[in-house]
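# Architecture and fold: a report
Below, each chain spelled out in residue letters.
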Amino acid sequence: MNKQLLLLISLQELDILKKDKKNEEEVGFELEDLKEIEEARVKLVSELPDHLYRKYTRLTKRYGNAVVPVVNKICQGCYLVFPTQMISPEQKNETVTTCPSCGRILYWAD
Ligand SMILES: [Zn+2]
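These lines cover the structure that appears in this document, whether it is placed above or below. (Residues numbered from 1 in each chain as written. Predicted model: local features only at pLDDT ≥ 70, side-chain atom pairs only at ≥ 80, totals over all residues. Heavy atoms only, no water.)

### Observations regarding the coordination of the zinc ion
Bound to the zinc ion on the protein side are C75 (SG), C78 (SG), C99 (SG) and C102 (SG), at distances that span 2.3 to 2.4 Å. Here the zinc ion is ringed by 4 donor atoms whose angles at the metal span 106 to 113°, and the overall shape comes out tetrahedral. Of note, the zinc ion draws all its donor residues from one chain, in the sequence arrangement C-x2-C-x20-C-x2-C. Taken together, the residues C75 in strand 2 (residues 74-75) and C102 in the loop between strand 3 (97-98) and strand 4 (105-108) connect sequence positions 27 residues apart. Across this residue pair, the class does not change: C75 and C102 are buried. (Donors = N, O, S within 2.8 Å, 3.2 Å for Na, K, Ca; no water. Tetrahedral: all angles 85-135°; square planar, octahedral: opposite > 155°, others 65-115°. Helix = DSSP H or I, 4+ residues; strand = E, 2+ residues; numbered from the N terminus. Buried < 20%, exposed > 50% of the residue type's maximum accessible area, 1.4 Å probe, protein only.)

### Remarks on the side chain of R41
As for its position among the elements, R41 is in helix 2 (residues 32-47). Within the structure, the side chain of R41 is placed 2.6 Å from the side chain of D15, a separation counted as a polar contact. Of note is the side chain of R41, whose polar atom sits 3.1 Å from the side chain of Y53. Excluding residues within four positions of it along the chain, R41 makes contact with L11, L14, D15, K18, Y53 and Y56. (Polar contact = N/O pair within 3.5 Å; in protein donor to acceptor, adjacent residues only side chain to side chain. Contact = heavy atoms within 4.5 Å.)

### What to know about the side chain of Q12
By secondary structure assignment, the location of Q12 is in helix 1 (residues 3-26). Judged by relative accessible area, which is 13%, Q12 ranks as buried. Not counting residues within four places of it along the chain, the set of residues in contact with Q12 comprises Y56, N65, A66 and V67.

### Overview of the nonpolar core
Counting 16 residues, the largest nonpolar core has L8, L11, L48, Y56, V67 and I105 as the members making the most contacts within it. Secondary-structure elements contributing two or more residues to this core are helix 1, helix 2 and helix 3 (50-63). Those residues within four positions of L11 in sequence are excluded, and the remaining contacts are R41, L44, V45, L48, Y53 and Y56. Within the second largest apolar cluster, 8 residues are counted, among which are C99, C102, L106 and W108. (Core = buried A, V, L, I, M, F, W, Y, C linked by side-chain atoms within 4.5 Å.)

Below is the structure:
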């Protein structure tokens, strides 16, 4: 898989984890885990090219999830069905692709 794509997926996982921890915190959990997540996040972001991080931030603000899987040729963000010829099997997950309809960053889960 494309390294940048992998970084973006990991970044989103961290953000989801962070959100969960913040919710836990409200009911009285430790701050220590959150600090670790934050540190891992800084490291990830430093490895990502600026334009991709900006895209990720913009998409997260807009939709809540910036990176979505494509399952059975369907974008799981907006449910657009991709024409088969749009992506050749070799291209799958080898480049950072965005959905032509919603603009989210895509990865192929099948
Ligand atoms: Zn889409």
